[in-house]
Amino acid sequence: MGNVHNFCAGPCLLPQEVYEQSAKAILNFENTGMSILSISHRSKEFIAVLEEARQLAIELLQLESKGYEALFLQGGASMEFLRVPYNLMRNKSAYIDTGVWSGKAIDQAKLFGDVVCVGSSAQDNYSSIPIHINQDLNEFNYLHFTSNNTIYGTQFQTMPISNSKIPIVCDMSSDIYSRVFDYDKIDLIYAGAQKNIGPAGVSLILVKPEILGKTERKIPQMLNYKEHLDKDSLYHTANVFAIYTCLLNFRWLKNQGGVAVIEEKNKAKANLFYNTIDNLDFVEGMAKPEFRSKMNAVFKFKEQAMNTIFDTLCEQANIKNVKGHRAIGGYRASMYNALSLESVQKLTDVLNHMKTLV
Ligand SMILES: *Cc1c(COP(=O)(O)O)cnc(C)c1O
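Residues numbered from 1 in each chain as written. Predicted model: local features only at pLDDT ≥ 70, side-chain atom pairs only at ≥ 80, totals over all residues. Heavy atoms only, no water.

### Digging into the pattern of salt bridges
Keep this limit in mind: The salt bridge criterion pairs a side-chain nitrogen of Lys or Arg with a carboxyl oxygen of Asp or Glu, the two atoms within 4 Å. The way it works is that DSSP assigns letters per residue, a run of H or I at least four long becomes a helix, a run of E at least two long becomes a strand, and they are numbered from the N terminus. Relative accessibility thresholds used throughout: buried, under 20% of the residue-type maximum; exposed, over 50%; partly exposed, between the two (1.4 Å probe, protein chains only).
In this structure the tally under the stated criterion is 18 salt bridges. In this structure, Lys254 engages Glu59 in a salt bridge whose closest nitrogen and oxygen atoms are separated by 3.0 Å. Linking Lys254 in helix 6 (residues 240-256) with Glu59 in helix 2 (residues 44-59), this pair joins segments that are 195 residues apart in sequence. For Lys254, a relative accessible area of 43% gives the class partly exposed. The shortest N-O distance in the salt bridge between Arg83 and Glu80 comes to 2.7 Å. With Arg83 and Glu80 both in helix 3 (residues 76-88) and 3 residues apart, the pair spans about one turn of that helix. On the basis of relative accessible area, Arg83 is assigned to the buried category, the value being 1%.

### Some remarks on the site of the ligand
Applicable threshold: Any residue with at least one heavy atom within 4 Å of a molecule or strand is counted as near it. In protein, a polar contact requires one atom able to donate a hydrogen and another able to accept it; more generally it is a pair of N or O atoms within 3.5 Å, and residues adjacent in sequence count only if both atoms are side-chain atoms. The Shrake-Rupley method, run with a 1.4 Å probe sphere, supplies the accessible areas, and residue values consider only the shown protein chains as cover. Of the grid points, spaced at 1 Å and generated over the protein atoms alone, those admitting a 1.4 Å probe that cannot get out make up cavities, while open sets with protein on both sides within 12 Å along at least five of seven lines make up pockets; any residue with an atom within 4 Å of a point is treated as lining. Molecules are considered to sit inside a cavity or pocket once more than half of their atoms lie within 2 Å of its grid points.
Close to the ligand lie 13 residues, the nearest being Ser78, Thr150, Asp171, Gln194 and Lys195. Note that an oxygen atom of the ligand is positioned 3.0 Å from one of the backbone N or O atoms of Ala77. Thr150 places a polar side-chain atom, nitrogen or oxygen, 2.5 Å from an oxygen atom of the ligand. For the ligand, the accessible surface in isolation is 390 Å², of which the surrounding protein chains cover 87%. The cavity where the ligand resides is the second largest pocket.

### Topic: the nonpolar core
Buried together is how nonpolar side chains tend to be arranged in soluble globular proteins. Defined as follows: Here the nonpolar core consists of buried residues drawn from Ala, Val, Leu, Ile, Met, Phe, Trp, Tyr and Cys, with membership extended through side-chain atoms lying within 4.5 Å. Should any heavy atoms of two residues lie within 4.5 Å, those residues are counted as being in contact.
Ranked by size, the top nonpolar core spans 65 residues in total, and within it Ile176, Tyr177, Leu204 and Leu206 carry the most contacts. Broken down by element, the residue count for this core peaks at 10 residues, all from helix 6. Residues in contact with Ile176, not counting those within four places in the same chain, are Leu61, Tyr183, Ile189, Ala191, Asn196, Ile197, Leu204 and Leu206.

### Comments concerning the sheet that holds strand 12 (residues 296-301)
Applied cut-off: Any two strands are treated as partners once DSSP identifies two or more bridges connecting them. Lines fitted to C-alpha atoms define the axes here, with helix axes fitted over just the stretch in contact, and angles between the N-to-C directions of these axes take values from 0 to 180 degrees.
Read across the open sheet, the 3 strands follow the order 11-12-14; overall the sheet is antiparallel. The strands lining the two open edges of the sheet, one partner per strand, are strand 11 (283-285) and strand 14 (331-334). Strand-to-strand twist of the sheet, defined as the mean angle between neighbouring strand axes without regard to direction, takes the value 30 degrees. Note that strand 11 and strand 12 share 3 bridges and pair antiparallel. Paired with Val283 across the two strands is Phe301, which belongs to strand 12. Sitting on the sheet, helix 8 (residues 305-316) touches strand 12 and strand 14, and the angle it makes with strand 12 is about 125 degrees.

Following this line, the structure appears as structure tokens:
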């Protein structure tokens, strides 16, 4: 895979050693003589994998001894759009609307009660982040926000600012483990694994159990966080292979030095990319500079004709998956943890080269 530069927004690039180790486990999982695809999710070998993955999920965010439990469940982040209000909403919840994904979360929450949008960047075409919540939130059951907007390329640089004390829920699908953050101020964090944790097909939920059990609603077992916690994330067949691959990626991240170290690398990649486009007058970033995401850089060319030139140069340079999301067009370079600085360099070389062609 050496010379392909894959900027895919999700499922994302993973470290080469993670691919190699997971490929090996398909043939012979840790010298058991069996494939990881064919061992029981209740075998002692897999329980050890699950427990280490749950523990590293918490440890890498420095949430040990802060009262969190980790779950690996199926259904993707979209399932959590539903599971969150099912478990937490009594009558009223507050949501911050920063784009497509938070909009989908809001639509699901509306099935369970009143949803009040207490901050929105819709009026700026989602190119910004509403950071200050001026409204009193105490009457709401929880506040929900999306830390990184994968499609619009914006990111909460800090926690939303409000002086209310209600549980906070965050969809961190596309920037969890990418940076140091106030994770411990969030009571329920969820993420589809395929952006920065592992392969598609599993999601991670980090939850403080004390926020659960406060609704009278009957919750179907598969949708009930408490049920999954009581069963140690093994209520039903777990996604064995995906969880194992997440574990390999967590081990890789720990060996890199953890989240603080990867954050510096992610900053270097994002700075290189954004400095490049800011110095070229034929290309522009679509998010306001102070809200730019370090994970997903969204940009477009001022002249339509540049698109074809860029597409051709990317093709020649083996740069893949830089097309923007169909909801907004343009281009998007996703720079998750495993993407190298060299790949970003290659992309900026292409953009700089275009200067000589206009
Ligand atoms: C991709 C994404 C989702 C949807 O994830 P699925 O696992 O496909 O359901 C939700 N939220 C954010 C922020 C995302 O980037």
